[in-house]
Amino acid sequence: MPETADWENGLHEAGDVRLTRIPLHLLDHHPGNVRADYALSDAFCKSLAAEQQVAVHVVPIPEDHPQGEGEEGYRFWVTKGNRRLAAARHQQLPDLLCLIDLAKAGDRAGQFIDMVVENDDEFRRGLTAFEQAQALFAAHEAGASRTRIRKFTGRTREEVAGAITAGRLSATTRQAAQQMNHDWTLEDLALLADFDGDADALAEIHQRVGWGHKVRYAVEYIRTERAEAAERARVRAELEQAGIRVTDDIPSGALTLTRLADVVEGFDPDTHATCEGHAVFLRSRGTPTPLAYCTSPQRHGYALPETPGAPGASAVGSAAPAKANELERKLVIEGNRAWKASATVRQEWVAGLLARATAPKPVLAWVARQLMEMPTPLRDKLTGARHTTLWAKLAGNIDAASTAAVRPGRLPLLALAPIAVAYEHQMTVPDSARYIWRHDRTGAVSRADARAYLSLLVELGYQPTTIEQAVIDGLPYRGDAPAEELEPEPEQAPDAGEPPQQGAEETSTAVPQDADAGADPQTAPDPAPDAGDGAPYSAAA
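Rules used in this analysis
Think of each chain on its own: its residues are numbered from 1, step by step along the sequence as written. Under the rules for a predicted model, residues below a pLDDT of 70 receive no local features and side-chain atom pairs below 80 are neither given nor counted, while totals for whole chains, interfaces and linings still include all residues. The basis for every side-chain value is the complete set of heavy atoms in the structure, and neither hydrogens nor water enter the calculation. Note on exposure labels: buried denotes an accessible area under 20% of the residue type's maximum, exposed denotes more than 50%, and partly exposed covers the range between, all computed with a 1.4 Å probe on protein chains only. By the criteria applied, helices consist of DSSP H or I runs no shorter than four residues and strands consist of E runs no shorter than two, each listed in order from the N terminus. Our arc is simply the arc of the directions from the helix axis toward the C-beta atoms. When DSSP finds at least two bridges between two strands, those strands are taken to pair. Between N-to-C directions, angles cover 0 to 180 degrees, with each direction set by a line fitted to C-alpha atoms, over the stretch in contact for helices. Pairs of residues are marked as contacts when any of their non-hydrogen atoms sit within 4.5 Å. Any angle between 65 and 115 degrees counts as roughly perpendicular, while under 35 counts as roughly parallel, over 145 as roughly antiparallel, and the rest as oblique. Should the near helix be turned counterclockwise from the far one by less than a right angle, the crossing is left-handed, whereas a clockwise turn marks it as right-handed. The nonpolar class holds Ala, Val, Leu, Ile, Met, Phe, Trp, Tyr, Cys and Pro. Asp, Glu, Lys and Arg form the charged class, and all remaining residues, Gly among them, are polar. Patch membership needs two things, relative accessible area over 30% and no salt bridge, and members are linked within 9 Å if like-charged or within 5 Å if nonpolar (Val, Leu, Ile, Met, Phe, Trp, Tyr). Computed with the Shrake-Rupley method and a 1.4 Å probe, the accessible areas treat only the protein chains shown as cover for residues. Any Lys or Arg side-chain nitrogen located within 4 Å of an Asp or Glu carboxyl oxygen qualifies as a salt bridge. The definition used for a disulfide is geometric: two cysteine sulfur atoms within 2.5 Å. Counted charges follow a simple rule, with Lys and Arg positive, Asp and Glu negative, and His plus the chain ends left uncounted. Here a pair means two rings of Phe, Tyr or Trp (six-membered ring of Trp) with centres within 6.5 Å. Their orientation is stacked below 30 degrees between planes, edge-to-face above 60, and tilted elsewhere. Under the convention used throughout, the expected extent of a helix is 1.5 Å for every residue step, that is, one less than its residue count. Remark: nonpolar core denotes a set of buried residues (Ala, Val, Leu, Ile, Met, Phe, Trp, Tyr, Cys) joined through side-chain atoms within 4.5 Å.

**Student:** Explanation requested: helix 1 (residues 42-50) in the structure shown.
**Tutor:** An α-helical turn contains 3.6 residues, so any two residues separated by three or four positions project in the same direction. Along helix 1, the positions that sit buried rather than exposed are Cys45, Ser47 and Leu48. In an axial view of helix 1, the angular spread of the buried residues amounts to 165°, which keeps them on one side of the axis.

Structure below.
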């Protein structure tokens, strides 16, 4: 007879419990079951069907219990695990792993207490997103394929991929995230992978989350900011490699080549590259658009007109931007970046909306009103919506042929799809789309039309970003930071070289008539274009 290990001597059989698999047709919900909603999610049902992880607790039905019609075959009541029983019936499973608890068979009060202890949040705590990510990553590292993880956890392919990505985060990044006042999800954690170990980026995400921003928006804003910085470095390197002097500001007394061409007869900007005063101004933030200038026109032989009544005084103002204009410019750059980042987040949400099985109630009426009113975005882009790059991104594989097989409840979403694509295209793709959020410019979509579209999304559950909320409310955008953290700043200024458009919502920046007639319009209020029109460098910029 084999020897018994010391630790085995401490094991005792429990005579009042028995672990066994019981056919489903023998199981019924406890007649006093207090759970009203089983919340049978697709993930929960799939996980149970793949492998039952937790045994269901049951007690034998008392012989003297009166059974109603259709209940004659039941032999056990489920006291712990009624949700699992409901899911098993939904999935038509043959049986469940059960723990028969004979000790509670005659203890009716104890059966109800078990329901509380089994499901009370104080006794059962779900894993945090950090803990889930670590567990799923560890399972993957231990040899579980992504397919197996999907099957046994009920998660989608994207969710499993995100969990494994989040599980790879360094301890430093996890600690930084845990210090943020945010209810983390696996999807949010996976977004931090691009900034793993990047203290500056994590600090900015921390700040923006503290402002109430979604992690997805904060991440996209930083990505946009860094993409601009990389492009700026590339442009600067190309200019310097070509032997062109590049500066971060325009010195006092300098003048842009465009203005020189206006005030100096016979001046050709294309020939200025050989001048000793030739330089290019490249802002240290925002989308890089080089602006060529001459450091000192008079010193380098360009005769400037004199101010009437003041012999020898130049009529041409300095190109150095004023401090107030710099503040305005900073707000424009932040707004353009926020508008672009918001579009990425919003379009992901719209794609999810259009993929739903049933349309929310407000959709049909809004679609009908849009088709009756036919606002500018629809007049401009509705007929061509299916031919844009956004169609596949937002609408997926929706086509005319598939409408015949679509359930009636989903049809309003098919009608919404080309309208949403038309709006999203006009609010992001045209160069003038970057003006939509501004009061001093007219964009490809009017603020009123953008407000109508964004308001629908909010009604359907979308959470707008700060700049989108400003458009909805009809208020000027003042930055992403809360009002108490902002310093008073002037209204945003128009782009350089673009005359202000007169309108009800506009702040005029025209030079007063009694000012110097030769003052450089390129520098009042903004010496360089504010966002990516993709214009290459030119000596006449």
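**Student:** Before we go on, may I ask you to explain the sheet that holds strand 7 (residues 255-256) in this structure?
**Tutor:** Note: strands within a sheet are paired through backbone hydrogen bonds, in either parallel or antiparallel orientation. The strand order across the open sheet formed by four strands is 6-8-9-7, and the pairing between neighbours is mixed. Two strands close off the open sheet at either side, each with one partner strand: strand 6 (246-247) and strand 7. Both strand 8 (residues 278-281) and strand 9 (residues 291-294) contribute to a ladder of four bridges, which runs antiparallel. From the neighbouring strand, Val280 faces strand 9, where its bridge partner is Ala292.

**Student:** In this structure, what is going on with the sheet that holds strand 3 (residues 56-60)? I would like to understand it.
**Tutor:** Spatial ordering of the open sheet is given by 1-5-3-4-2, a layout of five strands whose pairing is mixed. Only two strands of the sheet have a single partner each, and these edge strands are strand 1 (17-23) and strand 2 (27-29). The average undirected angle you get between the axes of adjacent strands in this sheet is 45°. Of the strand pairs in this sheet, strand 2 and strand 4 (residues 76-80) are connected by three bridges, and their pairing is parallel. Across the sheet, Asp28 pairs through a bridge with Trp77, a residue of strand 4. Against the sheet, helix 2 (residues 82-91) contacts strand 2, strand 3, strand 4 and strand 5 (95-101), and its axis sits at roughly 120° relative to strand 2.

**Student:** What is the right way to read the packing of helix 13 (residues 362-373) against helix 16 (residues 411-428) from this model?
**Tutor:** For the pair helix 13 and helix 16, interaxial distance at closest approach is 10 Å and the crossing angle is 50°. It follows from the interaxial angle that helix 13 and helix 16 lie oblique. Helix 16 is crossed by helix 13, and the crossing has left-handed handedness. Between helix 13 and helix 16, the residues in contact are Val363, Leu364, Trp366, Val367, Gln370 and Leu371 and Pro412, Ala415, Leu416, Ile419 and Tyr423, respectively. Tallied by class, residues from the contact of helix 13 with helix 16 come to 10 nonpolar, one polar and no charged.

**Student:** Got a minute to help me understand a nonpolar patch on the surface in this structure?
**Tutor:** Together, Ile113, Val116, Val117 and Phe123 make up an exposed nonpolar region whose accessible area comes to about 380 Å². Here Val116 shows up in helix 3 (residues 108-119).

**Student:** How should the state of the cysteines be read in this particular structure?
**Tutor:** By definition, a disulfide is the covalent link that joins the sulfur atoms of two cysteine residues. For the structure on display, the rule yields zero disulfides. The cysteine Cys294 is free of any disulfide, with Cys275 supplying the nearest cysteine sulfur at 4.2 Å. Take Cys294: its relative accessible area is 0%, and that puts it in the buried class.

**Student:** Would you take a moment to explain the environment of Ile436 for this structure?
**Tutor:** Following the sequence through the fold, Ile436 ends up in the loop between helix 16 and helix 17 (447-459). Separated by 35 residues in the primary sequence, Ile436 and Val471 have C-alpha atoms spaced 8.3 Å apart. Sequence-distant contacts of Ile436, defined by excluding residues within four places in its chain, comprise Trp339, Gln426, Met427, Gly443, Ala444, Val445, Arg447 and Ala450.

**Student:** Please clarify how the side chain of Asp188 should be interpreted in this entry.
**Tutor:** Mapped onto the secondary structure, Asp188 falls in helix 8 (residues 186-191). The charged side chain of Asp188 is buried without a salt bridge, its nearest counter-charge being Arg216 at 7.8 Å. Ignoring sequence-local partners within four residues, the contact set of Asp188 consists of His182, Asp183 and Val215.

**Student:** Is there a simple way to explain unusual backbone geometry in this structure?
**Tutor:** Across residues other than glycine, the phi torsion is negative in most instances, and most of the peptide bonds are trans. We note that Ala39 has phi near 45°; this positive angle belongs to a residue other than glycine. Tracing the backbone through its elements, the reader meets Ala39 in the loop between strand 2 and helix 1. Given a relative accessible area of 44%, Ala39 falls into the partly exposed group. Of note, the phi angle at Met374 is positive, near 45°, even though the residue is not glycine. Assignment of secondary structure puts Met374 in the loop between helix 13 and helix 14 (376-381).

**Student:** Teacher, can you tell me more about the pattern of salt bridges here?
**Tutor:** Opposite charge on two side chains lets them pair, provided their charged atoms get close. The full count for this structure, using the stated rule, is 24 salt bridges. For Glu204, the salt bridge identified is with Arg208, shortest N-O distance 3.4 Å. You can see Glu204 and its partner Arg208 sitting in helix 9 (residues 199-210), four residues apart, about one turn around the helix. Overall, Glu204 belongs to the buried group, its relative accessible area being 19%. Using a relative accessible area of 4% as the deciding quantity, one classes Arg208 as buried. When the shortest N-O distance is used, the salt bridge between Arg234 and Glu231 registers 2.5 Å. With Arg234 and Glu231 both in helix 10 (residues 215-241), this residue pair falls three residues apart, about one helical turn. Here the residues in one salt-bridge network are Asp194, Arg216, Glu220, Arg223 and Glu348, joined through shared partners.

**Student:** Looking at this structure, how should I read the packing of aromatic side chains?
**Tutor:** Centre-to-centre distance and the angle between the planes together describe a pair of aromatic rings. On inspection of all chains with the given rule, the structure shows eight aromatic pairs. With a centroid separation of 6.1 Å and 55° between ring planes, the pair formed by Tyr217 and Tyr221 is classed as tilted. Here Tyr217 and its partner Tyr221 are both found in helix 10, four residues apart, which amounts to about one turn of the helix. With respect to burial, Tyr217 and Tyr221 carry one shared label: buried. Ring pairs connect the aromatic residues Trp366, Tyr423 and Tyr453, which therefore count as one cluster.

**Student:** Would you mind showing me how to read helix 13 here?
**Tutor:** In a regular helix each residue adds 1.5 Å, so 12 residues correspond to 16 Å; helix 13 covers 17 Å between its end C-alpha atoms and thus fits that length. For helix 13, the set of buried residues is Val363, Trp366, Val367 and Gln370. Down the axis of helix 13, the buried set is contained in an arc of 100°. They therefore lie on one face. Residues of helix 13 that are exposed and point more than 90 degrees away from the buried face comprise Leu364 and Met372. Tucked inside the fold, the buried residues of helix 13 contact helix 14, helix 16 and helix 17. Phi turns positive, to about 45°, at Met374, one or two residues after helix 13.

**Student:** Hey, could you run me through the nonpolar core in this one?
**Tutor:** Proteins that are soluble and globular tend to have nonpolar side chains buried together. One finds Trp366, Leu416, Met427 and Tyr453 to be the most contacted residues of the largest nonpolar core, which totals 49 residues. Mapped by element, the contributors of at least two residues to this core are helix 10, helix 12 (323-354), helix 13, helix 15 (389-395), helix 16, helix 17 and helix 18 (466-473). Counting residues per element, this core draws most heavily on helix 16, which supplies 10 residues. Among all residues touching Met427, those that are not within four sequence positions of it are Trp339, Arg346, Ala433, Ile436, Val445, Ala450, Tyr453 and Leu454. By size, the runner-up hydrophobic cluster in this structure holds 29 residues, among which are Val160, Met180, Leu186 and Leu189.

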